[in-house]
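Summary of the model geometry
One letter stands for each residue in the lines below.
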Amino acid sequence: MKRFIPITIIFLCLALVCGGFFLYVNQLKNPSIPELSSEQLSQFQEIKRERYPQPLVESLPYPTTPVDLPVHSGSVILIDVASGQVLYEKNADEVIPPASMTKLVVMYVVFQEIATGRISLDDVVPLPPESWAINAPPMSSLMFLGEGQIVTLRELLLGLAVASGNDAAMAVASYVSGDVATFVQRMNHEMELLGLEKTRFVEPSGYSELNLTTPREFAAFARTYISRYPEALADFHSQPSISYPQEHNLAEWHKGEGKEQPIYQQSTNKLLGVLPGCDGLKTGFIFESGYNLSLTARRGETRFLSVTMKGPGSGSVEGNRYRVADGTALMEWAFSCFATHYKSDVDPVAVPVLGGADNFVALAPSHTEPLTVPALLQDRDASAAASSVTAQITLPSYVQAPLQAGDIVGKITYSVGNVVLEEVPLVAITAVDEGNGFKQFVDKLAENFMQS
């Protein structure tokens, strides 16, 4: 009997150890998401930006059949604004003067300054002599600013967007930065911050052929501009016309005389009111660039943006005709063949970690950018395809420590039917260090059961 008691105790201890071990294995097989602090989540966002940067413009993540569109412009790109994915391109990296599309960069800088509170749209802007229409270079597009006029920043931006006023560009540059040269430095600095290597400016109006960009880089900029400041489309770029100067704009010595009538100018973007969904952006022309156009249109939840440069035409009438034809061809093709899918939020998931100081690691997608979806079936449009996208999560049974934050552990596969459109990595939100010797020993035993 005395011998039986120790044996019983040994068996009980073994049973407890085995029971505890199998409870532990069962826990590993049913992972729970570790609690994450706001600091850990913030650090993870920074790690994602460093390890998985998302370009402003990128190729579609799935193969497509090249198309031959009836586009006359020499250099072209067409993107989905939400995803930044390129649907069509033609000589998109050719370096070309942007001409008056330059004024979009001027407006971008202004909206940044407004966001800081340093200036406001209702500010009255002094007009230095270089901003008077009478002092503008020959053949300039003008808002028709004059000495002593009273004009707000809001009115000047409308003059930039609608009439493409070179005089307005000079007035805005001087007001924001104190002088034109300093403002141009700011324009170039902002392009550097966006990672645009071939886009540079020597003056703010677009008159100079020494201002340079490419369709790809300008599309990247324009995507940033309308994504950060979407209100600019409704307030400025979709306005059909401008009449300036009004009575309240006149210099004191001209008020009440009735001699200066407002000059009515229609928007230089001839697709406004013609192309369904079109609400911007900006034209440009100098002889060295041909007829340029940054164009955007939205239908439903999908917005596309095209940049066409080196457009043909002898004279503005013919140049505009080609711009309208190119913009219409690009946008109608895009809306008939593609639509934007906005990915649903994916809650963090967890995977067991063997040999680690922690038992589990939480995972999240490396990016959540929208996806441009093609119309895959002839009897269904692109919007139907975009609404049919499914997401499938694939995870391993476990991972081995050590693990760094940002390491790829699993993936999310986005598909329409049997067609895979994109695979997005699932990455570790936090690091997991190696556990002590005992933990590694236990997890080595557990590994055999994790694989079963």
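Up top is the structure.
Keep in mind it's a predicted model, so treat the numbers as computed, not measured. (Residues numbered from 1 in each chain as written. Predicted model: local features only at pLDDT ≥ 70, side-chain atom pairs only at ≥ 80, totals over all residues. Heavy atoms only, no water.)

1. Digging into the overall build of the protein
Counted only if it meets this: Helix and strand assignments follow DSSP, with helices taken as H or I runs no shorter than four residues and strands as E runs no shorter than two, numbered in order from the N terminus. When we talk radius of gyration, it's over C-alpha atoms, and the globule rule is simply 2.2 Å times the number of residues to the 0.38. The buried label applies to any residue whose accessible area, calculated with a 1.4 Å probe on protein chains only, is under 20% of its type's maximum; exposed applies above 50%, and partly exposed to all values in between.
Helix and strand counts for the protein come out as 11 helices and 16 strands. The C-alpha radius of gyration of the protein comes to 30 Å, more than 25% above the 22 Å expected for a compact globule of 452 residues. Principal-axis analysis of the C-alpha atoms places the extent of the protein at approximately 125 × 50 × 35 Å. By residue count, 50% of the 452 residues in the protein fall in the buried class.

2. What to know about the pairing of strand E12 (residues 371-374)
Put simply, the rule reads: A pair of strands is considered paired only if DSSP assigns at least 2 bridges between the two.
Alternating residues of E12 divide into Leu371 and Val373 and Thr372 and Pro374, and every residue in both groups is buried. One ladder, built from 4 bridges, connects strand E9 (residues 338-341) with E12; its direction is antiparallel. Residue pairing across strands places Ala339 opposite Val373, the latter belonging to E12.

3. Here we look at empty space enclosed by the protein
To keep it simple, the criterion reads: Here a cavity denotes a set of grid points, spaced 1 Å apart and computed over the protein atoms alone, in which a 1.4 Å probe fits but from which it cannot get out, and a pocket denotes an open set meeting protein on both sides within 12 Å along at least five of seven lines; residues with an atom within 4 Å of a point are reported as lining. Grid points are joined across faces, edges and corners, and a volume is the space filled by probe spheres set on the points. Side-chain classes follow a simple rule in which Ala, Val, Leu, Ile, Met, Phe, Trp, Tyr, Cys and Pro form the nonpolar group, Asp, Glu, Lys and Arg form the charged group, and the remainder, Gly included, forms the polar group.
Throughout the structure, instances matching the rule amount to 1 cavity of 30 Å³ or more. As a volume, the largest cavity reaches approximately 40 Å³. Around the largest cavity, the lining residues are Thr268, Asn269, Lys270, Leu271, Thr283, Leu293, Asn320, Arg323 and Val324. Looking at the lining of the largest cavity element by element, the count peaks at 3 residues for helix H9 (residues 316-337). Looking at the lining of the largest cavity residue by residue, the classes come out as 3 nonpolar, 4 polar and 2 charged.

4. Topic: the layout of surface pockets
Here the idea is plain: a probe the size of a water molecule rolls over the atoms and shows the empty space left. Here the largest pocket is characterised by a volume of approximately 650 Å³. Looking at which element gives the most residues to the lining of the largest pocket, the answer is strand E6 (residues 278-286), with 4 residues. Tallied by class, residues from the lining of the largest pocket come to 9 nonpolar, 15 polar and 4 charged. Quantified by volume, the second largest pocket comes out at close to 460 Å³. Along its surface, the second largest pocket is lined by 21 residues, and Leu60, Thr64, Thr65, Leu87 and Phe338 are the ones closest to its centre. At the level of secondary structure, the elements contributing two or more residues to the lining of the second largest pocket comprise strand E3 (85-90), H9 and strand E16 (419-428).

5. Quick look at the packing of aromatic side chains
Geometry of an aromatic ring pair is reported as the spacing of the ring centres plus the angle between the planes. What counts here: Centres within 6.5 Å make a pair out of two Phe, Tyr or Trp rings, where for Trp the six-membered ring is used; the pair is then stacked when the planes are under 30 degrees apart, edge-to-face when over 60, and tilted otherwise. Criterion for a charge above a ring: Lys NZ or Arg CZ within 6 Å of the ring centre, and within 35 degrees of the ring normal.
Going through the model one piece at a time under the given rule, you end up with 13 aromatic pairs. Relative to Tyr225, the ring of Phe221 lies with its centre 6.0 Å away and its plane at 5°, an arrangement referred to as stacked. A residue pair is termed a helical-turn pair when its members lie 3 or 4 positions apart in one helix, as Phe221 and Tyr225 do in helix H7 (residues 215-228) at 4 residues. Take Phe221: its relative accessible area is 0%, and that puts it in the buried class. According to the relative accessible area criterion, Tyr225 is buried, its value standing at 0%. Grouping aromatic residues by their ring pairs yields a cluster made of Tyr108, Phe111, Phe218, Phe221, Tyr225, Tyr229 and Phe236. Here the basic side chain of Lys343 rests over the ring of Tyr414, its NZ or CZ set 4.8 Å away from the ring centre.

On their own, these measurements won't tell you what the molecule is for.
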